[in-house]
Amino acid sequence: MGLQERPPVGIWLQGDPEEVKDYLELGIHGIVTNTIILDDLVDKYGPMLGLIERYLELQDDGPVVVEIDGDTAEDIFRVSRVFGRLSPRIVMKIPCTTKGLRAVARLKAVGQDSMVTTTFSASQAVAASCAGAEYIAPFVGPTIDSGADAFKIVADIARVISERPNGPYLLGGIIRNAISADVAIRAGCDGIVIFPHTYEEMLLHPGTAEWNATFRNKWDSMEAKGALVGVLDTAGADGHAETVVV
């Protein structure tokens with residue numbers, strides 16, 4: 001997918017499928033896993049194949065990104081093919097290593113999409129793009145934690161990748177809070193990966209809270225005056241207004 005064809009910045013979710021499913025109606029672009037999350041969730045849901053099938057069942061479309069690992073490129077390739085057979089919506093998430101990029105190149109040759117993770121520099125992103133990655137995940141939170149200029153580093157990655165014809169989709173990874181989400185978005189990432197609780201945090205702002213309270217007070221004032229007659233008392237149980245014959 002070329003940069004020129006990309007939609008506006010997308011939100012991708014990670015976490016427990018029971019929590020993720022409540023947010024999918026909000027225009028969520030896809031679901032992303034990593035081995036830290038998966039290791040916790042298999043204790044709750046059982047073997048990984050079944051867990052990934054559970055993610056796939058949450059929606060009819062949209063990518064489901066599955067992180068895997070292995071000792072060799074052949075290991076990674078072989079495991080990727082197992083998950084790829086579950087659905088064409090599966091994207092393999094593969095570490096930024098030589099063995100990982102060899103697997104990415106082999107998957108590209110057979111038509112299976114990959115995301116390269118653990119990316120921290122423009123040179124790594126270029127290597128991943130050359131190997132055939134459809135997606136690249138710059139690690140935003142850990143870059144901030146290191147004390148480096150995360151905005152500049154991610155912006156440099158975005159600039160370099162945007163100059164490549166049909167460049168990969170950049171997905172800001174390890175985003176733990178609203179601050180790192182803003183860094184990724186402003187720096188030029190095509191999407192961000194967040195937990196549901198970070199989605200909620202992104203909506204918090206003192207100005208938003210102040211003005212929401214002001215507007216709500218006026219709404220309540222109109223209700224108290226009876227000015228919302230024909231509005232509140234005619235809404236159907238499904239939230240759609242019902243026709244009232246007078």
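Check the entry above for the structure.
What you see is a predicted model, and the numbers here were worked out from it, not measured in a lab. Per chain, residue numbering runs from 1 following the sequence as it is written. Reporting of local features is limited, given that this is a predicted model, to residues whose pLDDT is at least 70; pairs of side-chain atoms are given and counted only at 80 or more, and all residues count toward the totals for whole chains, interfaces and linings. Water and hydrogen atoms were dropped before computing side-chain values, which therefore reflect all heavy atoms in the structure.

Student: Can you explain the environment of Q124? Please cite residues and give values.
Tutor: Under the scheme used here, helices are H or I runs from DSSP no shorter than 4 residues and strands are E runs no shorter than 2 residues, and both carry numbers assigned from the N terminus. With respect to the element layout, Q124 can be found in helix α6 (residues 122–131). When the C-alpha atoms of Q124 and I136 are compared, they prove to be 9.5 Å apart, with 12 residues separating the residues in sequence.

Student: Which residues make up the side chain of S129, and what values do they have?
Tutor: As for its position among the elements, S129 is in helix α6. Only protein chains enter the accessibility calculation, which uses a 1.4 Å probe. A residue is then buried if its area is under 20% of the maximum for its type, exposed if over 50%, and partly exposed in between. The class for S129 is buried, based on a relative accessible area of 15%. Contact criterion: two residues are considered in contact whenever any of their non-hydrogen atoms come within 4.5 Å of each other. In this view, S129 contacts I136, I161, R164 and P168; residues no more than four positions away in its chain are not counted.

Student: Can you lay out the side chain of E67 for me, pointing to particular residues and giving the numbers?
Tutor: Assignment of secondary structure puts E67 in strand β3 (residues 64–67). Charged-residue counts in this description rest on Lys and Arg as positive and Asp and Glu as negative, His and the chain ends being excluded. Criterion for a salt bridge: a side-chain nitrogen of Lys or Arg within 4 Å of a carboxyl oxygen of Asp or Glu. This buried residue, E67, is left without a salt bridge; K93 holds the nearest opposite charge, at 4.0 Å. Sequence-distant contacts of E67, that is, excluding residues within four places in its chain, are made with T33, N34, T35, L38, M48, K93 and T117.

Student: With reference to specific residues and values, describe the pairing of β3.
Tutor: Residue alternation in β3 divides its side chains into two sets, V64 and V66 and V65 and E67, and both sets are buried. Pairing geometry for strand β2 (residues 30–32) and β3, over 2 bridges, is parallel. Bridging across to β3, V32 finds its partner in V65. If DSSP finds at least two bridges between two strands, the strands pair. Note that β3 and strand β4 (residues 90–95) share 4 bridges and pair parallel. Residue pairing for β4: V66 is matched across the bridge by M92. Consider the strands pointing away from the viewer: the crossover is right-handed when the path from the first strand over the helix to the second runs clockwise. A crossover links β3 with its parallel partner β4, the connecting element being helix α4 (residues 73–84), and its sense is right-handed.

Student: Any chance you could break down the pattern of salt bridges for me, citing the residues and the numbers?
Tutor: In total, this model carries 10 salt bridges according to the counting rule given. Here K21 ties to E18 by a salt bridge, and the two come within 2.9 Å at their closest N and O atoms. For K21, a relative accessible area of 39% puts it in the partly exposed group. Assessed through its relative accessible area of 34%, E18 is described here as partly exposed. Ionic pairing is found between D75 and R78, a salt bridge with its closest N-O pair at 3.2 Å. Here the residue D75 and the residue R78 both occupy positions in helix α4, the gap between them amounting to 3 residues, near one helical turn. A network of salt bridges, in which partner residues are shared, links K152, D156, R159 and E163.

Student: Could you give an account of the nonpolar core, naming the residues involved and the relevant values?
Tutor: Residues I52, Y55, V66, I90, M92 and I94 are the most contacted members of the largest nonpolar core, which totals 50 residues. In terms of residues, this core owes the most to one element, helix α8 (residues 150–162), which gives 5 residues. Apart from residues no more than four positions distant in its own chain, I52 is found in contact with T33, L38, V66, F83, L86 and I90. Throughout, nonpolar core names a set of buried Ala, Val, Leu, Ile, Met, Phe, Trp, Tyr and Cys residues whose side chains join them through atoms within 4.5 Å.

Student: Let's hear about the sheet that holds strand β7 (residues 169–172): which residues, and what values?
Tutor: Taken together, 8 strands build a closed barrel; the order of strands is β1-β2-β3-β4-β5-β6-β7-β8 and the barrel is parallel. For this sheet, the mean inter-axis angle between neighbouring strands, taken without regard to orientation, is 30 degrees. When strand β1 (residues 10–13) meets strand β8 (residues 191–194), the two strands line up parallel, connected through 4 bridges. Note that in β8 the partner of L13 across the bridge is I194. Interaxial angle, 0 to 180 degrees, is taken between N-to-C directions of lines fitted to C-alpha atoms, where a helix line uses only the stretch in contact.

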